[in-house]
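The primary structure of each chain is shown beneath.
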2 protein chains.
Amino acid sequence: MLERLIETAQEREKPDLVLKNGKIINVFTGEIVEGDVAVTNGIIVGVGKYDGKFEKDLKGKYVSSGFINAHLHVESSMVTPPVYSYEELKWGATTVITDPHEIANVGGMEALENILRAAEKCPINYYVMLPSCVPATPFEHSGAILKADDLLKFHDNPNVLGLGELMNVVGTLDCYPEIIKKIQGFSDKIIDGHSPMVTGKALNGYATAGVNTDHESITYEEAVEKLRCGMAVLVREGSASKNLTAIINGVVKNSIDTSRMAFCTDDKHLADIRKEGTVRANIKKAVKLGLSPVKAIQMATINAANIYGLKKIGAIACGYKADIVVFDDFENMNIEAVYKDGIPLEDIPKPVNTEYSKKLMSSVNVGYIDEKAFDIPIKYKYSVIGIIENQIATTKLEMSHRRVEKGLFEGTVRKIAVIERHHARDFHACAYIDGYGLEHGAIATTVAHDSHNIIVIGDNNSDMLKAVEILKNINGGYVIVKDGEIIGKLPLELGGLMSMKSADEFIPELDEIIQKAYEMGVNKNIDPFITLSFMALPVIPEIRITDCGLFDVTKFEFTE
Amino acid sequence: MLERLIETAQEREKPDLVLKNGKIINVFTGEIVEGDVAVTNGIIVGVGKYDGKFEKDLKGKYVSSGFINAHLHVESSMVTPPVYSYEELKWGATTVITDPHEIANVGGMEALENILRAAEKCPINYYVMLPSCVPATPFEHSGAILKADDLLKFHDNPNVLGLGELMNVVGTLDCYPEIIKKIQGFSDKIIDGHSPMVTGKALNGYATAGVNTDHESITYEEAVEKLRCGMAVLVREGSASKNLTAIINGVVKNSIDTSRMAFCTDDKHLADIRKEGTVRANIKKAVKLGLSPVKAIQMATINAANIYGLKKIGAIACGYKADIVVFDDFENMNIEAVYKDGIPLEDIPKPVNTEYSKKLMSSVNVGYIDEKAFDIPIKYKYSVIGIIENQIATTKLEMSHRRVEKGLFEGTVRKIAVIERHHARDFHACAYIDGYGLEHGAIATTVAHDSHNIIVIGDNNSDMLKAVEILKNINGGYVIVKDGEIIGKLPLELGGLMSMKSADEFIPELDEIIQKAYEMGVNKNIDPFITLSFMALPVIPEIRITDCGLFDVTKFEFTE
């Protein structure tokens, strides 16, 4: 096989495929070179003038190596890895570096095994960073605990590139033994960081620990400080977090070296991907902001490959994988063709789901629960979660009993409950929430960052209980109950997080259930399910609810 | 230990060493930042404002990560690896990537074992590329043959970075099975190339084979073509081959991306290193030619680290090795201080030689030989090696018997012989050579690229034989015999290639014997020993002599 590559490179024999007359972006020299790209056995064997067994005239279009999405959680798309991968591929991304943090919180080791098995079936280079922080906090019950010794069992898997985002910054700076063990276990691989607004000597400590990347910079100054420390910066542009404009504006203004910068999406919903792709959208936006097209392509390809130590990926050059994107220009960036291992997109079979383990497909295990779970004892004063429109942060409100009663009557205050759903443990908590809306029913989901217990919100105990029961029956997902009737149901049977459906089937169903939620009276300025899914994340200020109770994030303690 | 790094980075405890008030070259952002560098346990833990247990005021001097010499043969220095390393260190190089091609031709596997053991004792990061072409050609007898299976035994040695320069371009392009096996065996590591003037589809074939680097470019155009193919370019500035000016002029003129370029010396003699260093001289020259200082430093540090996949080397950044150079400015580049793993040069013990194996210390094994070995049968016409002054290429001369006799009488024509010296095999050859000079004696050496048999040149059989006998007695080196007397003798007892002496002892002895050679009448426009050492290298046009006979390089066959 290597022999055939060498022979066809010299045209002693015709290459399998020649893409003729392209404007080839060379990420090594920074040039754009006109010529043909010769491919044999899925490998690029030369750029120059070639005749191939099969030829395609590119008519002067741009040719880039396939894009690399350097950090993302597939779970945010709510479809399975193969289905997600195909969506990336359509937009020119041929490599993804994923952190299965969410599903690992549900299924632990078994989830990682399932995902790594699925990775092999993905029509894309599918890499995995092992989730470093499962559970994310000690203030809740997740489905699993992943210790250093557990993660080390996957150390040599060829699709594992290292340790996933090290969210426990405090634990790192304070040298918690288990974190040190995880870092040392993966010091020969890549360690992803997660250090929003960490600066100065704290950042030095975090980088010194061995963290190689960060994707949480929201300003240019933050990004540059991380670069100086030796951390690579992954510029994020997802559905919620959009940091590209701020960072790239600074890069352009200051002519900073971009070789340690790459692009990522972190969390991007399928509907948004369908509109504009992932890394493709980042490139287009960056060029519009004045970044040189070649530098943008470098960030989208070879830089990410270098940062993650990926060989033979990220360049149109001899011996590199024939992962290729063809597009019209940098203004429109219409993707005209995509090749994965030299095979055109149209010839790549639509993704088929692999088998997932029974346990992961029936992950909703709730202990005994009845309507009393949603009773809240009468008190003089309550701490209430205040939703802020268009944000995932919340306000801690203080309300008197009378004020709560008034809110319940007027429809602004509702009950929210979190119920442990992994191991049928007797943990659940209920509190009041302000600003969500909703009349005569309940909405519930098993997607609840990061432990993914059940969250249910409603105006009556009976519908809330029913919604929980339905989630049990469908193995997790989204549910809407109105006056005792199920009016919306979106199964997410893989871990209670992802649908087994194709993207084409899934997207309209998702749109429909969101629509139904709004029809139930949910505030139009929030996303009915995504907003809900963040109400249990006890790391974002000011107040959250977990299966252990109401949690004051700013005080770092439970409250009432 | 990691804990202490993290703690001192945050200054919860004082770092061991703080270099204060430096102008720190940040290779990631391309900036020069003023500040302090904090070091703990030999690791950089932060840049900023720090107080240390020990402090040194740099008074605004430049601070760079230690330089990386990306490709070299220590044998060219004629001292041992630890001695050589110390010389590099004095000039700011803290990492060397070496190819022990010469000593491997003498001692094979045993030589590699010896060198890798010595590497551990070097006061520098000493990496080894495994020689891929031993013997270099099938037209001579070397001391050893290294097959793919032999080399693979060293695959996992932590100091081995991959396969050394793949000189057999033809064998690669024609897919010789043994070469393919070597390439495939090291495809997960780095493969160094050696492709002078290889271009077009041949170069595509060579790069497609999996070659990652090349250090043989002599023009900018050649360098750029290799970069485009995906090969990193190591810009060479050695004692004989000086390619930096041509390449860097082109780089500056065309503003090409330099991220895949690094510096090397390949072959640089100790006396030249003592004058100007290695990579330091490359940087100084490149900046003088107009390359931006930061880009020059990137080439000298992080680029080489990236090309060879070296982690935590090549930058002044958190968690990186405290391999540090301090210098005054880019015009003079006076090296003011060097730190290796945080230890200042003056505190690093002078290198001590390790034990080398007995076989390697007595590598001169010549079969039975007498004066008849230097008889040349009388013929009508002879092929004669024509030395070209200041070059290692030769001209193939045709001389009549009368013309040879005249040359011998006038002192222009002399006899040259090559004698197998590794396994006392009965191979030797003798021929005429023009342009060397020399009266009343013989000069001999065991340094004879690449098989390192004995080369002896002289005007009478008796002195030639005596010179060979002396080389046997001293286990190799340089010898001058005049009228039956030994007038110069420089033992190179390690494989017949390297002296066990310190640099201070060795250099004057080398100078002295060269001086003596000139006094014997050797042409002043050639180096008496280096010129001789290349006369047996049957890959450089036009004519050479090996232990198997006179070889016409252009016709690729033996001649008479």
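Everything numeric here is computed off the predicted structure, so don't read it as measured data.

Undergrad: Can you walk me through the overall build of chain A in this structure?
TA: The helix and strand inventory of chain A stands at 18 helices and 27 strands. In terms of overall size, chain A behaves like a compact globule, its C-alpha atoms giving a radius of gyration of 25 Å where 560 residues would be expected to give roughly 24 Å. Its C-alpha atoms give chain A principal-axis dimensions of roughly 85 × 50 × 45 Å. Counting every position in chain A, which comprises 560 residues, the buried fraction comes to 64%.

Undergrad: How should I be thinking about the interface of chain A and chain B in this particular structure?
TA: It is common to give the size of an interface as the accessible area that goes away when the parts come together. Facing 57 residues of chain A, the contacting portion of chain B comprises 57 residues. When the buried area of chain A at its contact with chain B is split by residue, A:Phe28, A:Lys201 and A:Thr208 rank highest and sum to 15% of it. Across the chain A-chain B interface, the total number found is six salt bridges. Note that B:Arg228 and A:Glu31 form a salt bridge whose closest N and O atoms lie 2.7 Å from each other. Between chain A and chain B we count 30 residue pairs in polar contact (both at pLDDT 80 or more) in total. The set of elements that each furnish at least two residues to the side of chain A that touches chain B consists of helix 1 (2-9), strand 2 (31-40), strand 3 (43-48), helix 5 (169-173), helix 6 (177-185), helix 7 (200-208) and helix 8 (220-229) of chain A. Split by residue class, the side of chain A that touches chain B holds 27 nonpolar, 15 polar and 15 charged.

Undergrad: What is the right way to read the pattern of salt bridges from this model?
TA: It is possible for side chains of opposite charge to pair when their charged atoms get near one another. Residues and elements named next belong to chain A. Taken as a whole and judged by the stated rule, the model has 72 salt bridges over all chains. When the shortest N-O distance is used, the salt bridge between aspartate 149 and lysine 181 registers 3.1 Å. Of this pair, aspartate 149 sits in helix 4 (residues 148-152) while lysine 181 sits in helix 6; the two residues are 32 residues apart in sequence, bridging distant segments of the chain. Residue classification places aspartate 149 among the partly exposed residues on the basis of a relative accessible area of 43%. Under the relative-accessibility criterion, lysine 181 is labelled partly exposed at 37%.

Undergrad: Hey, could you run me through the packing of helix 6 of chain A against helix 1 (residues 2-9) of chain B in this one?
TA: Between two packed helices, what matters for the description is the angle formed by their axes and the separation of those axes. Where helix 6 of chain A contacts helix 1 of chain B, the axes come no closer than 11 Å and their chain directions differ by 110 degrees. Relative to helix 1 of chain B, the element helix 6 of chain A is oriented roughly perpendicular. Only B:Leu2, B:Glu3 and B:Ile6 of helix 1 of chain B make contact with helix 6 of chain A, whose side of the interface consists of A:Ile180, A:Ile183 and A:Gln184. A per-class count over the contact of helix 6 of chain A with helix 1 of chain B returns four nonpolar, one polar and one charged.

Undergrad: Any chance you could explain the sheet that holds strand 17 (residues 381-387) of chain A here in plain terms?
TA: Remark on secondary structure: sheet strands pair via backbone hydrogen bonds, oriented parallel or antiparallel. All names here are of chain A. Strand order in this open sheet of eight strands is 18-17-20-19-22-21-23-24, and the pairing throughout is mixed. For this open sheet the edge positions go to strand 18 (394-400) and strand 24 (485-491), each flanked by a neighbour on one side alone. Sheet twist, expressed as the average angle between the axes of neighbouring strands with direction ignored, equals 25 degrees. Most of the contacts of helix 15 (residues 401-410) go to strand 18, to which it runs at about 110 degrees, and overall it touches strand 17, strand 18, strand 19 (413-419) and strand 20 (428-434). Packing of helix 16 (residues 461-473) onto the sheet brings it into contact with strand 19, strand 21 (441-445), strand 22 (454-458), strand 23 (477-482) and strand 24, and relative to strand 23 it is tilted by some 145 degrees.

Undergrad: Quick question: what am I supposed to make of the relation of the copies chain A and chain B here?
TA: Turning one copy of the chain about an axis and sliding it along that axis gives the other copy, so a rotation and a shift relate them. Overlaying chain A with chain B gives an RMSD of 0.1 Å, the required rotation being 180 degrees about an axis along which the chain moves by 0.0 Å. What we have between these two chains is a two-fold relation. The fraction of interface residues of chain A whose copies in chain B are also interface residues reaches 100%, indicating that both copies meet through the same surface.

Undergrad: It is not clear to me how helix 16 (residues 461-473) of chain B should be interpreted in this structure. Could you clarify?
TA: Given 3.6 residues per turn, any residue in an α-helix points the same way as the ones three and four places further on. All names here are of chain B. When the terminal C-alpha atoms of helix 16 are compared, their 19 Å separation across 13 residues agrees well with the 18 Å that a helix rising 1.5 Å per residue should span. Taken together, the buried positions of helix 16 are occupied by Asn461, Asp463, Met464, Leu465, Ala467, Val468, Ile470 and Leu471. Elements in contact with the buried residues of helix 16: strand 19 (413-419), strand 21 (441-445), strand 22 (454-458), strand 23 (477-482) and strand 24 (485-491). Of the residues flanking the end of helix 16, it is asparagine 475, one or two places downstream, whose phi is positive at about 60 degrees.

Undergrad: How should the pairing of strand 13 (residues 261-264) of chain B be read in this particular structure?
TA: Residue and element names in this part refer to chain B. The side-chain alternation of strand 13 yields two buried faces, one formed by Met261 and Phe263 and the other by Ala262 and Cys264. With four bridges connecting them, strand 12 (residues 232-236) and strand 13 associate as parallel partners. Along strand 13, the bridge assignment pairs leucine 234 with alanine 262.

Undergrad: Sorry if this is basic, but what is going on with the side chain of A:Thr213 here?
TA: All names here are of chain A. Checked against the element boundaries, threonine 213 lands in strand 11 (residues 213-214). Here the side chain of threonine 213 touches aspartate 192 through a polar contact of 2.5 Å, side chain to side chain. Ignoring sequence-local partners within four residues, the contact set of threonine 213 consists of Ile190, Ile191, Asp192, Gly193, Met231, Ala232, Leu234, Ile307 and Tyr308.

Undergrad: Looking at this model, I keep getting lost on the side chain of A:His141. Mind explaining?
TA: Residues and elements named next belong to chain A. With respect to the helices, strands and loops of the structure, histidine 141 is situated in the loop between strand 8 (125-130) and helix 4. Among the polar contacts listed, one links the side chain of histidine 141 to the side chain of aspartate 547, at a separation of 2.8 Å. If near-sequence neighbours (up to four positions away) are discounted, histidine 141 is found in contact with Glu420, His422, Arg425, Phe427, Ser451, Asn453, Asp547 and Cys548.

Undergrad: It is not clear to me how the sheet that holds strand 25 (residues 543-546) of chain A should be interpreted in this structure. Could you clarify?
TA: All names here are of chain A. An order of 25-26-27 is seen for the three strands of this open sheet, with the pairing classed as antiparallel. Each edge of the open sheet is held by one strand with a lone partner, namely strand 25 and strand 27 (557-559). The average undirected angle you get between the axes of adjacent strands in this sheet is 45 degrees. As paired strands, strand 25 and strand 26 (residues 549-552) are joined by four bridges and run antiparallel to one another. Residue isoleucine 545 lies in a different strand from strand 26, and its bridge partner there is leucine 550.

Undergrad: Would you explain the packing of aromatic side chains in this entry?
TA: Aromatic ring pairs: the centre-centre distance and the angle between the two ring planes describe each pair. What the rule picks out here adds up to 22 aromatic pairs over all chains. Judged by centre distance (5.2 Å) and plane angle (85 degrees), the rings of B:Phe139 and B:Phe556 are edge-to-face. Taken together, the residues span a long stretch of sequence, with B:Phe139 in the loop between strand 8 (125-130) and helix 4 (148-152) and B:Phe556 in the loop between strand 26 (549-552) and strand 27 (557-559) at a distance of 417 residues. Residue classification places B:Phe556 among the exposed residues on the basis of a relative accessible area of 56%. The structure contains a cluster of three or more aromatic residues connected by ring pairs, namely A:Phe139, A:Phe551, A:Phe556 and A:Phe558. Above the plane of the ring of B:Tyr50 lies A:Lys201, whose end atom (NZ or CZ) is 4.5 Å from the centre.

Undergrad: What is the right way to look at unusual backbone geometry in this model?
TA: What you tend to see is this: most non-glycine residues have negative phi, and most peptide bonds are trans. Going from B:Val134 to B:Pro135, the amide bond is cis rather than trans, its omega being 0 degrees. With omega at -5 degrees, the peptide bond leading from B:Pro541 into B:Glu542 counts as cis. Phi is positive for A:Asn390, close to 60 degrees, though the residue is something other than glycine. Relative accessible area serves as the criterion here: at 64%, A:Asn390 is assigned to the exposed category. For B:Lys59, which is not glycine, the phi torsion reads 50 degrees and is therefore positive. In this structure, B:Lys59 sits in the loop between strand 4 (54-57) and strand 5 (62-65).

Undergrad: Got a minute to help me understand the environment of A:Glu560 in this structure?
TA: All names here are of chain A. Mapped onto the elements of the fold, glutamate 560 is located in the segment after strand 27. Taking relative accessible area as the criterion, glutamate 560 reaches 65% and is therefore assigned exposed. Separated by 306 residues in sequence, glutamate 560 and asparagine 254 have C-alpha atoms that sit 49 Å apart.

Undergrad: What's the story with the pairing of strand 10 (residues 190-193) of chain A in this structure? I'm lost.
TA: Here is the key point about a regular strand: its side chains alternate between the two faces of the sheet. Residue and element names in this part refer to chain A. The two faces of strand 10 match: Ile190 and Asp192 on one face and Ile191 and Gly193 on the other face are all buried. Pairing analysis gives three bridges linking strand 9 (residues 160-166) to strand 10, with the strands arranged parallel. Across the sheet, the residue bridging to leucine 166 is glycine 193, located in strand 10.

Procedures and definitions
Note on numbering: residues in each chain are counted from 1, in written sequence order. Working convention: letters from A go to chains and numbers from 1 go to ligands, in the order in which they are written. In keeping with the predicted nature of the model, local features appear solely for residues at pLDDT of at least 70, side-chain atom pairs appear and are counted solely at 80 or more, and the whole-chain, interface and lining totals rest on all residues. To obtain the side-chain values, all non-hydrogen atoms of the structure were included, while hydrogens and water were left out. Segments assigned H or I by DSSP are reported as helices when at least four residues long, segments assigned E as strands when at least two residues long, and all are numbered from the N terminus. For the radius of gyration, the atom set is restricted to C-alpha positions; the globular benchmark scales as 2.2 Å times the number of residues to the power 0.38. Relative accessibility decides the category of a residue: with a 1.4 Å probe and only protein chains considered, values under 20% of the type maximum give buried, values over 50% give exposed, and everything between is partly exposed. Note on definitions: a residue-residue contact is assigned when non-hydrogen atoms from the two residues lie within 4.5 Å. Buried area: the accessible area, evaluated with a 1.4 Å probe, that two parts lose upon being put together, summed over both parts. In what follows, salt bridge is the name for a side-chain nitrogen of Lys or Arg lying within 4 Å of a carboxyl oxygen of Asp or Glu. For the purposes of these results, a polar contact is taken to be a pair of N or O atoms within 3.5 Å, where, inside protein, one atom must be able to donate a hydrogen and its partner to accept one; residues adjacent in sequence count only when each atom of the pair is a side-chain atom. Gly is put with the polar residues, along with every residue not named as nonpolar or charged; the nonpolar set is Ala, Val, Leu, Ile, Met, Phe, Trp, Tyr, Cys and Pro, and the charged set is Asp, Glu, Lys and Arg. Only the contacting stretch of a helix is used when fitting its axis, a line to C-alpha atoms as for every element, and angles between N-to-C directions run 0 to 180 degrees. In this scheme, roughly parallel covers angles under 35 degrees and roughly antiparallel covers those over 145, while 65 to 115 is roughly perpendicular and the rest are oblique. When DSSP finds two or more bridges between two strands, those strands count as paired. When the copies are superposed, the least-squares fit draws on C-alpha atoms of residues that have pLDDT of at least 70 in both. Expected span of a helix, by definition, is 1.5 Å for each gap between consecutive residues, and there is one gap fewer than residues. Each Phe, Tyr or Trp ring (for Trp, its six-membered ring) is paired with any other whose centre lies within 6.5 Å, and the angle between the two planes then decides the class: stacked below 30 degrees, edge-to-face above 60, tilted in between. Only when the NZ of Lys or the CZ of Arg is both within 6 Å of the ring centre and within 35 degrees of the ring normal is a charge said to sit over the ring.

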